[in-house]
Amino acid sequence: MSGWIQKRSRDEGGASLIAVIIFVTIFGVVTSAILQFAGTGLRATKAVREERTKLVSADGAIDGAINAIRGSKKGLPSEGPCPTFTLPAHGNDPEVTVTCQAVGTATGGIFDDQPIWAILSLGKASGQGINKLGNFHTVISGGIFSSKDITSNGGPNCKDISDDSCNALTIYGDALALGTCTPNTGATPVVPTRLFTTTGGELTCLAGGSDAEREARGQDPGYPSALGSPASLDANTAAEVITLFGSASIDPPGVCQAGNTVVRFQPGLYTEQLKNLVPAACASAATWWLAPSAATCTPGAVGVYYFDFSDGAANWSLADDAKDVIGGRIATCSGAAVATGTPPWPTTTSGTPPCVDNDNSGVQLIFGGETRLTIKNSSNRLGICSGKPNASITNQRIVLYGLPSGTRPAAVANEIKAGSSPASTEFSPLTLSKSIIADNDFAHADLTGGLIGGVGAVKTATLTMSAFEDIPFGSTVTAASLEVVHKETAPATKPFTITATWKSMDKYGASVAAAQNCSGYTANPAVHTDTCNLLPTLQNPTFGPFVWKGLNGLNTVAVSFTSNLAAATAGTCNNGGKNCTGAAAAETATVDVDSVRLKVNYIPPGFEAHKAVSYSDCSDTGSAIFKSCNNPTTVVAGTVYAPTARMLVNVHNNNFTSFSRGVVVNTIDLNASASNKLPDQSPISLPGSGGTPPRIVLFTATINGKIRARARVQYIDKDASGEFIGYEVKVLEWQVLR
Amino acid sequence: MSDTFVRERLADEEGMTLVELMISMTLLTVVLVPIGAAMLLSLVHSNGIRDRIADSSGAQLLSSYFASDIQSAGNSTSSPNPFVGVDTSGTGSCPALAGGDNLRLRVTTPSPDQPSTVSARTTVIYYSHPTADGYELYRRSCTTSSAGNPSLLVQNLSGATGFTATCNPIATCKTVNATVTMYNPKSVGSSGYTSSTFDFVGTRRTA
C-alpha cells in the first residue's frame, strides 16, 4: 500500500476526473429524481387541465342550452321536439352537443308518469271529441286536445272566464281541436265563445284544417298496461294467461275483514261480477276493497285486476251492488288486513282519496270485452289509487285501462276423452271406445225385475267413465253435454232414465256433488243418441257462465240406465195348486252402449279489447267504459287510458269528482249542472300547479360521443303577475360524468 | 500565441507554473463551489421539494374532483326519497370503510335521467386512509351496482382529519368549504418545508 502511495504521490496524474464523475453521478441521480417527479406533476397537470376543459365545456354548453329555450315554451311536453344546442369547438375546447328532451313525453321521457293532456280525445267521427254538457261552468286543470270537436252546447253563454252561470269550459293550459269548436263566432279562424284558456294558453280550433304539427301533438300515446302491451297480451296463449295471474287468482272469492264490514278482493282475472264472489258472512259489508296484493299491505305492490265479465251481464254498477269500492293501499291496513272502520272519503273541502295516493302501491283495473263501470248515486262511491308499476313496462300511473285491442281466442267445441277404460259391474265387455267413436263395439247389460218379490232384480246398469282430459283452466264453458250412443230392448211402457252423476263446483271453485237427471228416454232397439245437458248443474245460471277450474268437477261421470221393470209374480192358483192364473215372468230389458261422449264447448281464457256496447244508465243510452250519474263521488287518483271508449262524467252538487292524472279516451261527455257546488274544482286534471304540466327538460351534453354531463331543469314560467316565460330556472339534478 | 509557442510548449517536459496552477485552481474553485453547494442543497432539501410537489399535485387533483362533485350534489329534500346530498355520515352505495379509514365527506348525486331511482344514484366518498408514514386522502365513486376503485388524491395528509368539509349554510348546504392540510414530518425543515394548506369552495348547482 505504501508503495502505491509513494508511486501515486510521485506521478503527475490528477484526481479531478474521478471527482467529477462522482459528483456528476450523485448530482444527476438526485436531480433526475426531482425532475422526474416534477415532470410527472407536469404531465398530470396537463391531463387534469384537459379533463377540466372538457367538463367545463360541457357545463357551459348545458348552461347555454338552458338559456337557449328559456324564452320559449319549448320543453313543455305538448310543445313538440326540443332543439339541440351545439357549442362549437374553439381553440383547445372541444365541440359539445347538448340534446334537449322534454320529460313526460310518450316517446321515451323518463318522467312518463302522466299524460301530456288532461283530456286527450282520439275519436275522429262525428259527435266524438270533448263534449261539455249541462248548463254550468267547468274548469279543467291542464290542456285538452280533441282529435275532432270541442262542443259546449246548451245553456247560456258566458260573460267571461269567471262567469260560473254558463255552459263553458275554462282550460288551465292549451286547448286544441282538430275539428270545430262550437259554438263560435263564425269568424275565420274559428273563435269559440264558450271555451276559454287562461293567460298564455293556446286556443286553436282548426275546423277540419290540416296541421301535421298540431295533429302530432295529439297522438295516441299507446300506453301499455301494467301487464304489457295490448299486442303482447293478445298473443298470450291460454296457459300464459293463467300463468300471468296464477290459477288461484281466477275469480278468487272475497275475504271478509274488519268485522265483516269490508270485503277484500285480490288481484286476478275476473270473469264473474264481484257480487258473485262475496262470502255470505260479509254479504252486507258496505265496502269492497280491491287490495294491491293478496298477501301484504306493504307499499310497493301494484295489483292488476282484469275484468272481462260475460257479455250481456258486464255492467258493473256500484249502485246495484250498493257498495263503496276502494282500490289501492289503505292506510289503516296492517299485515294483509284492513283495520276496523273504513277510511274517510273526500269532502267538499278535501279531495283526499280513501286510498293512499302517490306511493308505489295501487291498483290497475283493466277492462276487456263489454265490461264497464257505472256510478249512479252518492251512496255508492269510488276511490281508486294508482301505483307506480314496473318501469320496464310503463311508468304511467294508469288506474283504469280499457284494452284497446285483442281478440279472445275462438270458441272450441270439444269432445273430452276419458283417460281410462270404463268400469261397470253390469256391463260387459268393456271394450268400447273411450267415449269418442260410435263403432258398434257395444257394452251389454241385462236388466231384470227379479224373481218374485224382486229378488235378484237388476234394474239399473251403470257405466263409469273417468280420467277425462282437461281443457284450459279458466275457460268459459258455454255448453256441456253427455251424449250416449246406445240401444235398448224393454217393455214399451217402461221408459228409461239416464242419470249422469259427477261433481260440480260452486261459485268459489269448491267441489259439490251434483247430478243431472235426464229422464224420459224411451227404449229403442235401434242404435241412437241421447243427449243430457249438463250445464244447468255445472253452475247456478244466476252466476253467469261456468268457468272451468280444472277437472275437479268432471273427473268421473257415471251414466246409469234405469228402468222400472216389474218382478216376476206367482199368480193365483186354485184347485190345489192347479188352475193358476196371473203368474208372470220378470220383465227384462237389455241395454247396449256404444259410447259415452262428454262434449264441452268453451272459450279459452284470453284478453280481448273493450267492446263499445250501448246500455241505458245515467239517462244515457250510449256505450261507455265509465258512466257516472247524479251526485257521484268519484276519486280516481290515476290516469284513465281507454283510447277506444267513451266516458260520461257527471259533476253534481257537493259530491267530489276527480280524475287527477288525466284521461285518454275516444270521447268524453262532461256534464255539469247548475247544482254543482264546486265550481272551482277541476273534475279532470293533471298533476302540477295551475293545471299546466311542469316544463321540465333533461339536457345531455356529449363530447366526441361520450356523455360528459346531464342536467334536469325545471322552468318556472310564472311570476307574481301570472305569467313570465322563463321567469326562473330550477336545476333539479346536475351530474358530471367523467 | 503562435504555433511555434504551442509546439514548443507541447514538446517540452516542464510542468505547470505556479501561476498557471493558481489560475486553474482559482477557476476550479469558482466553478466547483457553487456546484457543490447546489449538490449539497439538493441533497439536503430534496425531501422537502418532493413533498411540496406532491402536495401541489394532490391539491390540484383534489380541486379537479371536489368542485364537480359538489356541483353535482343533489339537494337535501329531493322526493320521493329524501336524502342528504352532502353529508359526512355513511358510505351510501360504497362499501363500508376498512378499520382505520375515516370518512370525511359523502356526496350523493341523483341521476338526472332517473332522478327518483335510488339505485341510479352515485355516491362519492372522500376518506383518509392510514399508512405506515401517515395518512392519505382517497376518493371513491360508487353506485349500488358497481363500486369504483379508490383513487389516491392526496399524500401526506396531516392526519386522519386532515381534510375537512363544512356546509354553508348548514341547513341547505348550498356551498361546501373544504380545507386540506398536508404535512410530512420527515421533511420538516427540509427546504423550509413545514406543511401545506389549501382551501376549496364547491357550490351545488341543484336548487
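That block above? That's the structure.
Quick look at the structure, then. (Residues numbered from 1 in each chain as written. Chains lettered and ligands numbered in written order. Predicted model: local features only at pLDDT ≥ 70, side-chain atom pairs only at ≥ 80, totals over all residues.)

## With respect to the overall build of chain A
Here is step 1: Per the secondary structure count, chain A includes seven helices and 45 strands.
Here is step 2: With 738 residues in all, chain A has 46% of them scored as buried.
Here is step 3: Partitioning the contacts of chain A with sequence separation of at least 6, the portion at a separation of at least 24 is 71%. (Helix = DSSP H or I, 4+ residues; strand = E, 2+ residues; numbered from the N terminus. Buried ≥ 20, exposed ≤ 12 C-beta atoms within 10 Å, placed from the backbone. Contact = placed C-beta atoms within 7 Å.)

## Comments concerning unusual backbone geometry
Leaving glycine out, the prevailing phi sign among residues is negative, and the prevailing peptide bond configuration is trans.
Here is step 1: In this structure, proline 429 of chain A follows serine 428 of chain A across a cis peptide bond, with omega equal to -10 degrees.
Here is step 2: You can see proline 429 of chain A is positioned in the loop between strand E26 (412-416) and strand E27 (443-448).
Here is step 3: Residues asparagine 168 of chain B and proline 169 of chain B are joined by a peptide bond in cis, for which omega reads -10 degrees.
Here is step 4: As for its placement among the helices and strands, proline 169 of chain B is situated in the loop between strand E6 (163-168) and strand E7 (175-182).
Here is step 5: Phi is positive for serine 619 of chain A, close to 55 degrees, though the residue is something other than glycine.
Here is step 6: Phi angles above zero are rare outside glycine, and asparagine 704 of chain A is one such case at about 50 degrees.
Here is step 7: With respect to the helices and strands, the residue asparagine 704 of chain A is situated in the loop between strand E43 (695-703) and strand E44 (706-716).
Here is step 8: A residue is classified by how many C-beta atoms lie within 10 Å of it, and asparagine 704 of chain A, with 10 of them, is exposed.

## Concerning the environment of aspartate 441 of chain A
Residue and element names in this part refer to chain A.
Here is step 1: Position of aspartate 441 among the secondary structure elements: in the loop between E26 and E27.
Here is step 2: Overall, the presence of 13 C-beta atoms within 10 Å leaves aspartate 441 in the partly exposed class.
Here is step 3: Each C-alpha atom, one on aspartate 441 and one on aspartate 594, is 5.6 Å from the other, the two residues being 153 residues apart in sequence.

## Here's the deal with helix H5 (residues 238-245) of chain A
All names here are of chain A.
Here is step 1: Every buried residue of H5 is accounted for by Val241, Ile242 and Phe245. Each buried residue of H5 sits inside an arc of 95 degrees when the element is viewed along its axis, so together they form one side.
Here is step 2: Buried residues along H5 sit in contact with strand E15 (268-270).
Here is step 3: Glycine 246 occupies a position one or two residues after H5 and carries a positive phi of about 95 degrees. (Arc of directions from axis to C-beta.)

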